[in-house]
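# A look at the structure
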Amino acid sequence: MRKPIIAGNWKMNNTISQSLKLINEIKSYNLNENVEVVVCVSFTSLYEVKKELKGTNIKLGAQNMHWEDSGAYTGEISPLMLKEIGIDYCIIGHSERRQYFNETDETVNKKIKSALRHGIKPIVCVGETLEDREKAKEKEIVKEQVLKALEGINKKEEIENIVIAYEPIWAIGTGKTASSDDANEMCGFIRNTISKKYGVDISKNIRIQYGGSVKPNNIKELMDKEEIDGALVGGASLNASDFVKLINY
Ligand SMILES: O=C[C@H](O)COP(=O)(O)O
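As recorded in an unreviewed UniProt entry, the chain goes by Triosephosphate isomerase and comes from Keratinibaculum paraultunense. The UniProt entry for the chain carries the following text under Subcellular location (unreviewed entry): "Cytoplasm". Under the UniProt heading Catalytic activity (unreviewed entry), the note attached to the chain is "D-glyceraldehyde 3-phosphate = dihydroxyacetone phosphate".

Below you can see the structure in the form of structure tokens.
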């Protein structure tokens, strides 16, 4: 039985004081205990938000990390730095990082391996562009991203700590959501790809989220789908009442 996971990706929003305000608002609600809740906040807010999460079941995530433990990588954040703060998750390979910061399948793979080595659970983002979909290439693209992301990762206990987020790029921040059937079909296709590589048992345990304009009015339809185990949420995670509606869908 896969526990649903709803993760808020705050992206480059919220100063420390704004982050504290938002997390305290979220904490003031009763949250569905059957859902794993994660907030992926900016690097500068991680430490303070972690303190606020003490005594709650809400997990903390970063939005990116470097793969090396330390070194001459000016401006980068290492897994050791994140681990010491006590993060549980790290988003890896978000399309905005692939698009604006030259993230490649190769660096995504290095980051996932590094995260797993440090006991950080990666939320690995994959998804096609509108052009890919118009050319009916979405499955080919997503399959390649998934297989390259997982290259060289073979331990069952490691693979099962990975969460995959299917985020069609054309649905991010646009108000356009993939239909729940299309999202379900792609999540099923990803599970099938994992099944072919690692076997049915592992594929049944790995959690696959959908992301892209998830809102209170479409969450239930998405979560009711068999292959969709949660959501990676941008915009709607910046408003406590909306985010809680997603958790309590
Ligand atoms: O990481 C989250 C996704 O990019 C979705 O963002 P959105 O919910 O604002 O479309």
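This part is about the UniProt feature "binding site: substrate" (unreviewed entry) in the chain. In this numbering, the UniProt entry assigns the feature "binding site: substrate" (unreviewed entry) to N9, W10, K11, G173, S213, G234 and G235. Spanning 227 residues, the named residues form one tight spatial group whose C-alpha atoms are at most 13.9 Å apart. Exposure remark for W10: the relative accessible area of 0% places this residue in the buried category. If near-sequence neighbours (up to four positions away) are discounted, W10 is found in contact with S19, L22, I23, I26, V39, C40, V41, Q63, S237 and L238. Topologically, G235 is positioned in the loop between β8 (230-233) and α12 (240-247).

What follows deals with the site of the ligand. Taken together, 13 residues surround the ligand, and among them K11, H94, G173, S213 and G235 come closest. At 3.3 Å from an oxygen atom of the ligand is found a side-chain nitrogen or oxygen belonging to E167. Here an oxygen atom of the ligand sits 2.9 Å away from a polar atom, N or O, in the main chain of G234. Protein burial of the ligand: of its 300 Å² of free accessible surface, 97% is covered by the chains. In terms of residue class, the shell around the ligand is built from four nonpolar, seven polar and two charged.

With that settled, consider the packing of helix α7 (residues 138-149) against helix α9 (residues 180-198). Two elements in contact, α7 and α9, have axes separated by 10 Å at closest approach and are oriented at 45°. Between α7 and α9, the angle is such that the two are oblique. Crossing hand, α7 versus α9: right-handed. Of the residues in α9, those touching α7 at E138, K139, V142, K143, V146 and L147 are E185, M186, F189, I190, T193, I194 and K197.

Basis of the calculations
Residues numbered from 1 in each chain as written. Predicted model: local features only at pLDDT ≥ 70, side-chain atom pairs only at ≥ 80, totals over all residues. Heavy atoms only, no water. UniProt positions renumbered as here; feature names shortened; annotations may be inferred. Buried < 20%, exposed > 50% of the residue type's maximum accessible area, 1.4 Å probe, protein only. Contact = heavy atoms within 4.5 Å. Helix = DSSP H or I, 4+ residues; strand = E, 2+ residues; numbered from the N terminus. Near = heavy atom within 4 Å. Polar contact = N/O pair within 3.5 Å; in protein donor to acceptor, adjacent residues only side chain to side chain. Areas by Shrake-Rupley, 256 points an atom, 1.4 Å probe, with all protein chains shown as cover. Nonpolar A, V, L, I, M, F, W, Y, C, P; charged D, E, K, R; others polar. Axes fitted to C-alpha atoms, helices over the stretch in contact; angles between N-to-C directions. Parallel < 35°, antiparallel > 145°, perpendicular 65-115°, else oblique. Left-handed = near helix turned anticlockwise from the far one by under 90°.

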